Amino acid sequence: MFNRECFSNNFKILRTSYSLSIPTTNKLLHLKSTSTIHYWETQKNIPSADMLINIVDLFSVSADWLLGRSSIPYTEESVSAAEKALITDCTDPHKLDLEI
């Protein structure tokens, strides 16, 4: 079963620890609705499986940690994937075109 409270708390911890506003996080996750993140953080809604993957990729965290199934947020695999994504993003100038 999906633990809304763990997801909501962990997601907000991630967003705020990176000092990301809700609008900026919205843009980074390519969300259309500006209220989606607010709903996640207040346990009113949950992300789709595809969006969970996007969140895990964006913050380079373990999906198990994000969902409250583990106490270990960063794994060797999540860090390695983040490093590869960063290298790819740094070579694509369009991916770095963000207003933060």
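Going by the structure above, here's the rest.
First, a word on scope: everything that follows refers to the structure included in this document. All values reported here derive from a predicted model rather than from experimental measurement.

Now for unusual backbone geometry. Trans peptide bonds make up the majority, and among non-glycine residues the majority have a negative phi. The phi angle at glutamine 43 is positive, at roughly 65°, despite the residue not being glycine. As for its placement among the helices and strands, glutamine 43 is situated in the loop between α3 (36-41) and α4 (49-59). Among the residues examined, glutamine 43 registers a relative accessible area of 35% and is labelled partly exposed. The backbone phi angle of serine 60 is positive, close to 55°, even though this residue is not glycine.

Turning our eyes to something else, we now look at the side chain of serine 8. Relative to the assigned elements, serine 8 resides in helix α1 (residues 4-17). Residue classification places serine 8 among the buried residues on the basis of a relative accessible area of 3%. Ignoring anything within four residues of it in the chain, the contact list for serine 8 reads Trp40, Glu41 and Gln43.

About the thresholds
Residues numbered from 1 in each chain as written. Predicted model: local features only at pLDDT ≥ 70, side-chain atom pairs only at ≥ 80, totals over all residues. Heavy atoms only, no water. Helix = DSSP H or I, 4+ residues; strand = E, 2+ residues; numbered from the N terminus. Buried < 20%, exposed > 50% of the residue type's maximum accessible area, 1.4 Å probe, protein only. Contact = heavy atoms within 4.5 Å.

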